[in-house]
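Next come the chains, spelled out residue by residue.
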Amino acid sequence: MSDIQCVDLCRTFYQGDTAVTGLDHVSIDIKKGEFVCLVAPSGGGKTTLLNAIGGLDKPDAGEVWIAGKRIDNLGKSALAEMRLNNIGFVFQAYNLIPVLTARENIEFVMEVQGIPAADRHIRSAAILAEVGLEGLEDRRPAKMSGGQQQRVAVARAIVAEPEIVLADEPTANLDSSSAEQLMDLFVALNKKHNTTFVIATHDQRVMEYARRIVKMLDGRIDQDIPQVGR
Amino acid sequence: MKMIAIVSRLAWRNLWRNHRRTLIMLVTIAVGIWAMIFMTALMRGMVNEMVRDAVRVLPGHVQIHHPAYLDDPNIVNSIAAPDEKLLEVLNGPDIVAWTTRVRVPAVVSSARESRSVTFLGVDPATEAAVSFVAGDIVQGGFLENGDDDGIIVGRKLLETLETDMGKRVVIMTQDPDNEIADRGFRITGVFDANTDALEEGYVFTGVKAAQGFLGIPDRIHEVAIVGSDFRQIDGIYKAIADATGPDFSVLSWTELNRYLGTLLGVMDGFVLIWFVVVFLALSFGLVNTLVMAVFERVREIGLMLALGVKPMIILSQIIAESLWLLGIGALTGNLIAWLTIRPLREGIDLSSYADGMEMFGYSTTLYPEMTMGDVVTANLVVLSLGIIASLSPAIRASRYQPVEALTKV
Ligand SMILES: Nc1ncnc2c1ncn2[C@@H]1O[C@H](COP(=O)(O)OP(=O)(O)O)[C@@H](O)[C@H]1O
Ligand SMILES: [Mg+2]
């Protein structure tokens, strides 16, 4: 069964009078439990595709199906609900709410979902250990390094055990060892919970972990290559 | 419901990201509320004191006359003393005091000067509870009883007539047959009043003495009645009107003193306008604070929306932020208002500025009156209008597109 299905997606941006192609007739099927890397040079359309899959942006044409439900025609509120319950996001740049501590950021999605405090604490404590942030739970983002912040973001994305994790260049600001730790964590979660991962990157270190690499160029899918992965 | 905790926590923390701005805003709201309550208390105190003084001058809360008397205060427009039915009402529990008076226009003359005055025959025993005169005697004493034929004059009149305590003055007026009636009265007391007009315009003698002098035994011109609260006279007014029937004219003080009656009536309106004006002044700061707060946080609002937080929650968070500000500011403002008004319970002595005030019938001591109603209204105005003013930045925030907001630099 396809977990994510994109059919003939098109998205054009307009900057003044000039049209910029974001997605150019993109079709892709991603099955439950896949570990996919979207690889493209900057401006290749990775973020645009992730946004379409995550229901953050509407394609101009084409269809997006998540877990068997069409989402590209949903209203704002239904989309929010879908994102909240089905997808874990790791964004490219801005990930954490500055006034909340690491623990509160991690619990944020669960709190919005309405999970009771006691359950949240148990789960966030476990995840904090898993991403190696014990002792930092009461720090606010401003008091953490870029790598630590990114791990908090990852922890938040996976703590509610979503079907799908969409990560946009998650290692962009990380040193090698942090990047490796993070990817190991993704792989572990992927194996443990059969969570589907779609990771946009142009980082060679990340691609080594992929079991499928989808290469994009100018908003089109150029190559779709199965990998050994790790 | 479950979102309230997280919404108010986020709102609270966001509030303290910019200490300075928040503190300035809190001070503004507190001062605004304080100004609303304090100024209103002064205004209320002033008007109430004016009314009390005015009521005490002569009219009481309700008066009964001959229907023609007010248009033509002629001696013939008199009434009989209260009958049994009326007495039952007058001596009832809702009425604090009442008195009957003979009241005619007259000319008072000394050896040197004369003035036109209102000549009143009063019963000193009951008059004392209704009007000020008995209590404000500065020379001699008040009338002994209704038969007392001494005359009480105001201090100013004494000066104008260039006469003195114990001297005689002549009262000249008309009897019921349109004949001139005149008689000499000895000055046995001098009263002091808030205004020169009062001190110069009224003279008092015993009611029986007046009736005898004018040849109208047992007739009176006015019954003045005092209830327990000048603001609530509808009850006694109705009871009295029912008891007297249509042959008498029954008037409340608000009708007798239209200026003050109207003033009291429109006070609530004034107060509300004042509240709204103060609110408008502080709403600029409030809206500006929220607009800035929303603008500075575009990206995290975008993040929250992207994570699946509903726009309504974003809206509530901004409103919650505004409520925190308004709530704390209002609480502080109320406290300051209470702290500043409480020490003034004993009244603010205005006697050093009072020369001008007395002329207008103001009392020289001002008692601020902080009423529960005004405090509640002030807070309601600030909170409800505050929420309305916050809606625009809140709605703007909730309408952000997550992707655009997230990538905003
Ligand atoms: N909001 C936008 N407005 C205008 N152009 C955009 C916008 N978002 C993306 N683009 C353009 O679409 C193309 C694909 O962008 P993006 O998906 O962000 O690429 P990537 O993530 O692979 O770097 C780029 O040329 C980019 O400039
Ligand atoms: Mg990108």
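Notes on the structure in this doc start here. Because the structure is predicted, anything quoted here is derived from the model rather than measured.

### Concerning the packing of aromatic side chains
All names here are of chain B. This model, assessed by the stated rule, comprises ten aromatic pairs over all chains. With centroids separated by 4.9 Å and ring planes inclined at 20°, the aromatic side chains of tryptophan 34 and phenylalanine 38 adopt a geometry described as stacked. Of this pair, tryptophan 34 and phenylalanine 38 are both found in helix α2 (residues 19-57), four residues apart, which corresponds to roughly one turn of the helix. Classification of tryptophan 34 as partly exposed rests on a relative accessible area of 25%. Here phenylalanine 191 and phenylalanine 204 contribute two aromatic rings whose centre-to-centre distance is 5.7 Å and whose plane-to-plane angle is 80°, an arrangement assigned as edge-to-face. Note that phenylalanine 191 is positioned in strand β8 (residues 180-191) and phenylalanine 204 in strand β9 (residues 202-206), a separation of 13 residues in sequence. According to the relative accessible area criterion, phenylalanine 191 is buried, its value standing at 0%.

### Let's talk about the coordination of the magnesium ion (ligand 2)
Residue and element names in this part refer to chain A. Within the protein, Thr47 (OG1) and Gln92 (OE1) serve as the donor atoms for the magnesium ion (ligand 2), at 2.0 to 2.7 Å. Of the two residues, threonine 47 sits in helix α1 (residues 46-53) while glutamine 92 sits in the loop between β6 (87-90) and α3 (102-113), which places them 45 residues apart along the sequence. Of the residues examined, threonine 47 reaches a relative accessible area of 28% and is grouped as partly exposed. Residue classification places glutamine 92 among the partly exposed positions, given a relative accessible area of 36%.

### A look at the pattern of salt bridges
Tallied over the full model, the rule gives 30 salt bridges over all chains. For A:Lys46, the salt bridge goes to A:Glu169, with nearest N and O atoms at 3.7 Å. Highlighted residues: A:Lys46 in helix α1 and A:Glu169 in the loop between β7 (164-168) and α6 (176-193), separated in sequence by 123 residues. Its relative accessible area of 4% is what places A:Lys46 among the buried residues. Two residues, A:Glu81 and B:Lys310, come together in a salt bridge whose shortest N-O distance is 2.5 Å. Here the residue A:Glu81 occupies a position in helix α2 (residues 76-86), and B:Lys310 occupies one in the loop between α11 (298-307) and α12 (311-341), the pair thus bridging two chains. On the basis of relative accessible area, B:Lys310 is assigned to the partly exposed category, the value being 28%. By sharing partners, the salt bridges in this structure join A:Glu104, A:Glu107, A:Glu111, A:Arg120, B:Arg9 and B:Arg13 into a single network.

What counts, and at which threshold
- Residues numbered from 1 in each chain as written.
- Chains lettered and ligands numbered in written order.
- Predicted model: local features only at pLDDT ≥ 70, side-chain atom pairs only at ≥ 80, totals over all residues.
- Heavy atoms only, no water.
- Phe/Tyr/Trp six-rings, centres within 6.5 Å; stacked < 30°, edge-to-face > 60°.
- Helix = DSSP H or I, 4+ residues; strand = E, 2+ residues; numbered from the N terminus.
- Buried < 20%, exposed > 50% of the residue type's maximum accessible area, 1.4 Å probe, protein only.
- Donors = N, O, S within 2.8 Å, 3.2 Å for Na, K, Ca; no water.
- Salt bridge = Lys/Arg side-chain N within 4 Å of Asp/Glu carboxyl O.

Function-wise, these values are silent; they only describe arrangement.
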